[in-house]
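Geometric and topological summary
Next come the chains, spelled out residue by residue.
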Amino acid sequence: MKRDWPIDGDRREWLVRRNCSLTPRQTVAVWAALLALSLGVGLFFTLQGAWYVLVFSVLEMTAVTAAFIVYSRHATDCDRIVHEHDMLFVEKVRGGRASTIQLDPCWVRIEAPQRRRDPIRLVARGVTVDVGTWLPEEARRALARELREQLAQ
């Protein structure tokens, strides 16, 4: 996970991504192998006279396909935080949709996670943005510290 880029002048950027175990190519390969195995079992039992096993195999393949679609849709989710020219930009990508929130660093309050699963909260003038959801607890605390230090400059 590449999280921080070097400072270029007065620009600093953090990128927080999900930790996905499979690459897109590996995901397709695993999906195809599961479908082939399920179809093979269904066809084998259909040839033995138990046609209803094929029906359950098709139901299973449908459920596996739906699960892989959901996984693939959120595999590219990320939070990008950019501090540049006295502005703080937070870009959140969720399910292929991107939204950008612009905050004034003079007004930003950074709330570090209090409990184990809490995200980092950036609060400014009534706007609250949660970031760092996928980071482990210590990494979230470190990111909150880095953001505080950067905004204090």
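Attention here is on the structure that accompanies the text. Just so it is clear, the structure is predicted and the values come from calculations on it, not from any experiment.

Moving on to the sheet that holds strand 1 (residues 12-17). The strand order 1-2-3-4 describes an open sheet built from 4 strands, whose pairing is antiparallel. What marks the edges here is a single partner per strand, and that holds for strand 1 and strand 4 (97-103). Strand-to-strand twist across the sheet, computed as the mean angle between neighbouring axes with direction ignored, equals 15 degrees. Against the sheet, helix 3 (residues 137-152) contacts strand 1, strand 2 (78-84) and strand 3 (87-94), and its axis sits at roughly 160 degrees relative to strand 1.

In total, this model carries 2 aromatic pairs according to the counting rule given. Taking 5.2 Å as the distance between ring centres and 80 degrees as the angle between the ring planes, the aromatic pair formed by Phe-44 and Phe-45 counts as edge-to-face. Here Phe-44 falls in the partly exposed class, since its relative accessible area comes to 47%.

Now for the pattern of salt bridges. Enumeration over the complete set of coordinates arrives at 11 salt bridges. When the shortest N-O distance is used, the salt bridge between Asp-77 and Arg-18 registers 3.7 Å. Within this pair, whereas Asp-77 is found in the loop between helix 2 (52-74) and strand 2, its partner Arg-18 is found in the loop between strand 1 and helix 1 (24-47), the two being separated by 59 residues in sequence. Classification of Arg-18 by relative accessible area gives partly exposed; the value is 35%. We note a salt bridge from Glu-137 to Arg-141, for which the minimum N-O separation is 3.3 Å.

With that out of the way, let us pick up the pairing of strand 1. When you tally the buried positions in strand 1, you get 5 out of 6 residues, the bulk of the element. The sheet contact formed by strand 1 and strand 2 spans 6 bridges and is antiparallel. What sits directly across from Trp-14, in strand 2, is Ile-81.

Bridge analysis of strand 2 against strand 3 gives 7 bridges, and the strand direction is antiparallel. Bridge pairing in strand 3 links His-83 to Leu-88. Inspection of the sheet shows strand 3 paired to strand 4 by 7 bridges, in the antiparallel sense. Of the residues in strand 4, the one forming a bridge with Lys-92 is Ser-99. If you look at the hairpin formed by strand 3 and strand 4, you'll find 2 residues sitting between the two strands, and Gly-95 has a positive phi there, around 60 degrees.

How each quantity is defined
Residues numbered from 1 in each chain as written. Predicted model: local features only at pLDDT ≥ 70, side-chain atom pairs only at ≥ 80, totals over all residues. Heavy atoms only, no water. Pairing = 2+ DSSP bridges. Helix = DSSP H or I, 4+ residues; strand = E, 2+ residues; numbered from the N terminus. Axes fitted to C-alpha atoms, helices over the stretch in contact; angles between N-to-C directions. Contact = heavy atoms within 4.5 Å. Phe/Tyr/Trp six-rings, centres within 6.5 Å; stacked < 30°, edge-to-face > 60°. Buried < 20%, exposed > 50% of the residue type's maximum accessible area, 1.4 Å probe, protein only. Salt bridge = Lys/Arg side-chain N within 4 Å of Asp/Glu carboxyl O.

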